[in-house]
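Below are the chains, spelled out letter by letter.
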Amino acid sequence: MIGVARPVAAEFTFFLAIPVMFGASLLKILKFGLAFSSLELVLLLVGMVVAFVVSIVVIKLLLGYIRKHDFKVFGWYRIVLGAAVLTYFWGLK
């Protein structure tokens, strides 16, 4: 995505994630067997609504950050997190 503005690239990646998340959720629900009690169905729907609202807020905040800043902090975060995960799993051997 060379030459594309950072906010547009970020929005594009969020749009690409929608079918993947929908498919993964559908597979989990089908694996559960669609045998929900009324309480489980209510809890599932409340969880979905809360997750949707929180994700919209976080995406708006992230896009606002991306419009004003670059990805350097995110890159360093990923490098440090990757090193920490590798160190943790290397120590489990």
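Quick caveat: nothing in here was measured; it's all calculated off a predicted structure.

Asks: Quick one: what's the story with the packing of helix H1 (residues 6-32) against helix H2 (residues 38-68), residue by residue and with numbers?
Replies: Geometry of a packed helix pair, given as the angle between the helix axes and the separation of the axes. For the pair H1 and H2, interaxial distance at closest approach is 11 Å and the crossing angle is 165°. In terms of orientation, H1 and H2 fall into the roughly antiparallel class. Crossing hand, H1 versus H2: right-handed. Each of Arg 6, Pro 7, Ala 10, Glu 11, Phe 14, Ile 29 and Phe 32 in H1 lies in contact with H2, whose residues at this interface are Glu 40, Leu 44, Ile 59, Leu 62, Leu 63, Ile 66 and Arg 67. Of the residues assigned to the contact of H1 with H2, the class counts are 10 nonpolar, no polar and 4 charged.

Asks: Let's hear about the packing of aromatic side chains: which residues, and what values?
Replies: Summed over the entire model, instances satisfying the criterion amount to 2 aromatic pairs. Ring geometry for Tyr 88 against Phe 89: centres 5.1 Å apart, planes inclined by 75°, an arrangement best described as edge-to-face. Judged by relative accessible area, Phe 89 falls into the partly exposed class, the value being 48%.

Scoring rules and cut-offs
Residues numbered from 1 in each chain as written. Predicted model: local features only at pLDDT ≥ 70, side-chain atom pairs only at ≥ 80, totals over all residues. Heavy atoms only, no water. Axes fitted to C-alpha atoms, helices over the stretch in contact; angles between N-to-C directions. Helix = DSSP H or I, 4+ residues; strand = E, 2+ residues; numbered from the N terminus. Parallel < 35°, antiparallel > 145°, perpendicular 65-115°, else oblique. Left-handed = near helix turned anticlockwise from the far one by under 90°. Contact = heavy atoms within 4.5 Å. Nonpolar A, V, L, I, M, F, W, Y, C, P; charged D, E, K, R; others polar. Phe/Tyr/Trp six-rings, centres within 6.5 Å; stacked < 30°, edge-to-face > 60°. Buried < 20%, exposed > 50% of the residue type's maximum accessible area, 1.4 Å probe, protein only.

Remember, this is a structural readout, not a statement about activity or role.
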